[in-house]
Amino acid sequence: MARISKEERKTTIISAALKLFSERGFYITTIPDIAQKVGMSVGNFYNYFSSKDILAKELVIYISNYLGDNIREINEEDIHVSEKIYKIVSMYFDVANDRPEMIEYFLRVYLSNREVFGDGCEGMICVSPFVTEMMIFFDDGVSKDELHNQDFFSAFGLFMGYLGGMVFLFGEKILPQPLDDYKESISTNIYNALKAR
Amino acid sequence: MITKQLIEQIEGEATLFFDTKDGLVESSTTSFENFRGVENILKNKPLFDALVITPRVCGICGHAHLMATVRAIEDLYKNSSHKIDISDKAQKIREFTLIMEIVQNHLKWIYFTALPELFKLKNIDKNSTQLKGAYGSSIISKAISVFAGQWPHSSYMVAGGITCDPTYVDILQAKDYVDQFISFFEKESLGVDIDKFLAFESCKDFNNLDSDVSTIEKLLIELKMNEKGFAHDRFIILGEHSFTKPSKLIQTRKYAVNSKYVTTEDSYSPNSKSYAKNALYKDEYYESGVLSRMMSSKLSPIVKNMHRRYKDSAYTRSMARIFELVYLVKYSKTLLDSINIFEPSCVEVTNISKISGTGVGVVEAPRGPLIHRIDVENGVIKDYEIITPTQFNIGSSTKQKPTPAQKAMVGSTIAEAKFIFKTFDVCSVCTTH
Amino acid sequence: MITKNLSQQTYTMPSKQDKKPKLLWIQGHSCNGNSHSFLNLPNLENLIDNFEVIYHPILNSTHSYQEVTKCKLNCDILIFEGTFDYNLKRADISVYEVLKHYTQDAKMVVAVGSCASFGGIFKEISPESCCGLVFDKDKLTPPLIEQKGKVINLSGCPVHPKWLGFVLTAFLNEIKIYLDEQLRPVELYSSLAHHGCSRNEYFEWKVDSKNFGLKEGCLYYEQGCRAPMTHSSCNKILWNETSSKTRVGTPCFGCTEPDFPRKNLFTTQTNMSIPQEVPVGVSKRSYLTMAGIAKTFHIKRLEGKLIDYKTTD
């Protein structure tokens, strides 16, 4: 049997943890629960993540890197900002569809349980890879005169608040259509709000 | 007959055309042949950029331009109903650095212009002590840079005040530099301490002195400069400062003035195209600079005494410059002592992009009034007019209506006239901005 | 931004002089700022003593400028101040002719100030005919492009007296002067104006200055400070042996760089609150990652007043 690398093991734990947190809830899920799902001893588990708090933070960083890497790929494409917006919205909604536990963790655990993340995840440190890519996106758009210049948080809040809100409604099963059907209109609305005058 | 003379090392060059009869000047015209067009460069630039551009009009009095710009900007804010009240502290520090710039200017005039030119006129081949002027100025520059960061070319004055926020360490450091300069100047240039010098009452007090300054006084008398170089005996001061106030003087009678009556006209220079413009006050030519300020000041009985005896001769003008240097150095320390460091350095101002209108900034630069007039739309310069002191003194007009320098040169030999020309302390770069 | 590497442009020394080398200082369109800055050089007297000054706009010279324009003399070091202009005449003689003549025999040509190096402020007099001696902003150009092997650019507005002092002293001591791609001495222009700024800690922790006239805060975020993008030694070799622009709260205007003067000199150009330009050689991604993290933390000491006078009662 081929030796599984430590990194791959870690990723397996992360996926399992996200799923369990999503199905059963953050506080109810225990380390033994996760260890059992992955098929390792609790002792061995602690070799990878020394506490539930550490695991909680690593999950945020993992999601942040995942989303950040995807946005970076889009940023590096030589396309108009309106297309980039569509692709970012698309990517975000695809993650919500295919790996709902990721977005759910972010919205329902990270944003809603700040006390867990207070020490070591102050402010935006843990979501830095993701936020940095959004900064690059905005900076690029303004310097190319495709987006109008405004305060960063006004623009960021509009974009991310909108996406988060839609995914939340999706999670609550309030949206009548599948998420995919909203990609076009949402992208257009975002572009219209941010585009150069 | 007309003789053409190129005058060099006057912060650039100028050409004088002398019309002589029997070896004496009957009339002359002056031509400044270079032109940079800073006023054009400033058009359509964001207004605050002028704080960086205008000091580059001149290397020796750039600080005065900076102050004229910032005053014009603050006047603009006032005219647009957004009046800015800068703190006393900011006002005094600006004044201090301006005064220091005037002092280094006069010191350089003593060593790079007065002494060498006087020796040349007397055919004395004296080994030059020029670099005393550079050394003394470098100490003054240190005092300036305590607040302004550097000299030349600082932009530390901004709308609302100044960029620096000094502590007592800085204030005392500046004072120390001034003291260093005073020690140097007393020993190397004056030959007596400055309080004694300021207590001089008449020219006789120079008799017992043996120094660079007393040499200048002696040579001026020997060359009969007290009988030559008379201008119109009319003086003007337009900048408002703690050390001088706006006024005009006809001989010694004082009248009120307003800079809005200053106009310019093209030079009269039939022999060569001149880019300089003459500056007039209510259509008349007035002398500006050291003699004007010393005549209007209450502090200087000796200059007034000299004027009583020798009117506005080249002698009086030259001695006035030396006395102003010493007065200002002494005054600068009083100014430093009066600064309250706990006042704010710079108040907040309305965003300039919301401001439109006109403004005027007037400053007493080393050579006289410097005027900046601005016309701004939404924070962008529509028009910028600069009038420099050399335009008041060294204009070029007709024989019938000569400017101060033109009048002063009448009746001398060409060699003497060239010296008399330089007693006005000419700044070619300012004039051809 | 032109990337730097130790260039092939180095100025090599001539053999030892038997008598004093001749120094000639001429000008294009100038404000004389560099001439006056040079007068502030400590120990100027001793340095100048080593040269025969053919002509200088202020100092004692062996000849008048008028004599110089007759183009019968020669010099070892030619110093040029101000913007070069093909159409410019001074004392009735074309400056171009004077420049051409004296460049021939000169062992070293020094462009003092940003106008002579890149065009500077006075290039705007007449952009088509005005430029530096070898560079027009950041492009190579005549008049002296063919002779660029003997040209040194000392950009700055004005030049720092000690930078010129260094070049002249190096010449006298036969020391090799290594130059960057803009022909500026690397030993003076490799550091940034940012190095040695007394507000560095505020830069590190992204604490911006709220207004002018405050001791606290970094001027990079809002007041337009160009120091992290500007090659110079201003905060290492202090001005007038005393201070610098940023130490007195004035933003650096980037005056040693080819693009001086820029526009909106007291404002930082931002795109959605993100600085348009980040420090030389640092990628935007790297900078924003660091900045994002630093901005997260609120360091109380750095957000309050630097000096609390009240506690001294």
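It should be emphasised that the depicted structure is a prediction, and the values quoted were computed from it without experimental measurement.

Chemist: Got a minute to help me understand the pairing of strand S10 (residues 277–281) of chain B in this structure?
Modeler: The side chains of a regular strand alternate between both faces of the sheet. Residues and elements named next belong to chain B. Across the five residues that make up S10, a large majority, four, are buried. Judged from the five bridges that link them, strand S9 (residues 262–266) and S10 form a sheet pairing that is antiparallel. Pairing of Thr-263 across the sheet is with Leu-280, part of S10.

Chemist: What is the right way to look at the interface of chain B and chain C in this model?
Modeler: For interface size, the figure often reported is the accessible area lost on association. In this complex, chain B contributes 53 residues to the contact, which on the side of chain C involves 49 residues. Counting residues per element, the ones that place at least two in the side of chain B that touches chain C are helix H2 (50–53), helix H5 (131–148) and strand S5 (161–162) of chain B. Tallying contributions element by element places H5(B) first for the side of chain B that touches chain C, with ten residues. Along the lines of polarity and charge, the residues of the side of chain B that touches chain C split into 24 nonpolar, 19 polar and ten charged.

Chemist: Help me understand the nonpolar core, please; the structure alone is not making it clear to me.
Modeler: One broad trend across soluble globular proteins is that nonpolar side chains are buried collectively. In this structure, B:Phe147, C:Leu24 and C:Val110 are the most contacted members of the largest nonpolar core, which totals 213 residues. It is helix H4 (residues 88–121) of chain B that provides the largest number of residues to this core, a total of 16 residues. Sequence-distant contacts of C:Leu24, defined by excluding residues within four places in its chain, comprise C:Ile54, C:Tyr55, C:Val68, C:Cys75, C:Leu78, C:Ile79 and C:Tyr102. Counting 50 residues, the second largest nonpolar core, distinct from the first, contains A:Ile14, A:Leu20, A:Ala96 and A:Phe138.

Chemist: Which parts of the structure should I look at to understand the domain arrangement of chain A?
Modeler: Residue and element names in this part refer to chain A. Here chain A is described as being made up of domain 1 (1–50) and domain 2 (51–194). The C-alpha-based centres of domain 1 and domain 2 are spaced at 26 Å. Looking at the side of domain 1 that touches domain 2, the element that brings in the most residues is helix H1 (residues 6–24), giving six residues. Its residues assigned to classes, the side of domain 1 that touches domain 2 comprises seven nonpolar, two polar and one charged.

Chemist: What is the right way to look at the environment of C:Glu52 in this model?
Modeler: Residue and element names in this part refer to chain C. Residue position: Glu-52 is located in strand S3 (residues 52–55). Put simply, Glu-52 and Thr-62 are ten residues apart on the chain and 7.6 Å apart in space, counted from C-alpha to C-alpha. With sequence-adjacent residues up to four places away left out, Glu-52 is seen in contact with Lys-20, Lys-22, Leu-23 and Thr-62.

Chemist: Help me understand the sheet that holds strand S7 (residues 247–250) of chain B, please; the structure alone is not making it clear to me.
Modeler: Backbone-to-backbone hydrogen bonds join strands into a sheet, with any given pair of strands oriented parallel or antiparallel. Residue and element names in this part refer to chain B. The four strands lie next to each other as S8-S7-S6-S11, forming an open sheet whose pairing is mixed. Unpaired on one side and paired on the other, strand S8 (253–255) and strand S11 (287–288) mark the two borders of the sheet. As defined by bridge partners, S7 adjoins S8 across three bridges and the pair is classed as antiparallel. Paired with Ile-250 across the bridge in S8 is Arg-253.

Chemist: When you look at helix H9 (residues 152–171) of chain A in this model, what are you seeing that I'm missing?
Modeler: Think of an α-helix as turning once every 3.6 residues; residues three or four places apart then point the same way. Residue and element names in this part refer to chain A. Helix length check: H9, at 20 residues, gives a terminal C-alpha distance of 28 Å against a target of 28 Å (1.5 Å per residue), a fit within 8%. In this structure, the buried residues of H9 make contact with helix H5 (81–98), helix H6 (100–110), helix H8 (128–143) and helix H10 (183–194). Remark: Lys-173 follows H9 within two positions and exhibits a positive phi of approximately 60 degrees.

Chemist: How do you make sense of the packing of helix H4 (residues 52–75) of chain A against H8(A) when you look at a structure like this?
Modeler: Pairs of packed helices are described in terms of their axes, by the angle between the two and the distance that separates them. All names here are of chain A. Closest axis-to-axis distance for the H4/H8 pair is 7 Å, and the angle between their directions is 20 degrees. One finds that H4 runs roughly parallel with respect to H8. Pair H4 / H8 crosses with left-handed handedness. Together, Ser-64, Asn-65, Leu-67, Gly-68, Ile-71, Arg-72 and Asn-75 of H4 and Ser-128, Pro-129, Phe-130, Thr-132, Glu-133, Met-134, Ile-136, Phe-137 and Asp-140 of H8 make up the contact between the two elements. For the contact of H4 with H8, the class distribution of residues is seven nonpolar, six polar and three charged.

Chemist: Help me understand the sheet that holds strand S2 (residues 14–21) of chain B in this model?
Modeler: All names here are of chain B. The strand order across the open sheet built from three strands is S1-S2-S3, with neighbouring strands paired in antiparallel fashion. The two strands at the open ends of the sheet, each matched to only one other strand, are strand S1 (2–7) and strand S3 (24–31). Neighbour-to-neighbour, the strand axes of this sheet turn through a mean angle of 25 degrees, independent of strand direction. Across seven bridges, S2 lies against S3 in antiparallel orientation. Paired with Phe-17 across the strands is Thr-29, a residue of S3. Packed onto the sheet, helix H14 (residues 414–423) meets S1, S2 and S3 and runs at close to 40 degrees relative to S1.

Chemist: Sorry, what's going on with unusual backbone geometry here?
Modeler: Glycine aside, negative phi is the norm for most residues, and most peptide bonds take the trans geometry. The step from B:Trp151 to B:Pro152 runs through a cis peptide bond, and the omega angle for that step is 5 degrees. Following the sequence through the fold, B:Pro152 ends up in the loop between H5 and strand S4 (157–158). For the bond from C:Pro142 to C:Pro143, the omega torsion is 20 degrees, close enough to zero to count as cis. Here C:Pro143 lies in the loop between strand S11 (139–140) and strand S12 (151–154). Positive phi, normally seen in glycine, also occurs at B:Asp283, with a value near 65 degrees. Mapping B:Asp283 onto the fold places it in the loop between S10 and S11. Phi angles above zero are rare outside glycine, and C:Ser273 is one such case at about 65 degrees. Mapped onto the elements, C:Ser273 comes out in the loop between strand S14 (270–271) and strand S15 (274–275). Given 19 C-beta atoms within a 10 Å radius, C:Ser273 is considered partly exposed.

Thresholds, definitions, all that
Residues numbered from 1 in each chain as written. Chains lettered and ligands numbered in written order. Predicted model: local features only at pLDDT ≥ 70, side-chain atom pairs only at ≥ 80, totals over all residues. Buried ≥ 20, exposed ≤ 12 C-beta atoms within 10 Å, placed from the backbone. Helix = DSSP H or I, 4+ residues; strand = E, 2+ residues; numbered from the N terminus. Pairing = 2+ DSSP bridges. Contact = placed C-beta atoms within 7 Å. Nonpolar A, V, L, I, M, F, W, Y, C, P; charged D, E, K, R; others polar. Core = buried A, V, L, I, M, F, W, Y, C linked by C-beta atoms within 7 Å. Domains from an automatic or database assignment. Expected span 1.5 Å × (residues − 1). Axes fitted to C-alpha atoms, helices over the stretch in contact; angles between N-to-C directions. Parallel < 35°, antiparallel > 145°, perpendicular 65-115°, else oblique. Left-handed = near helix turned anticlockwise from the far one by under 90°.

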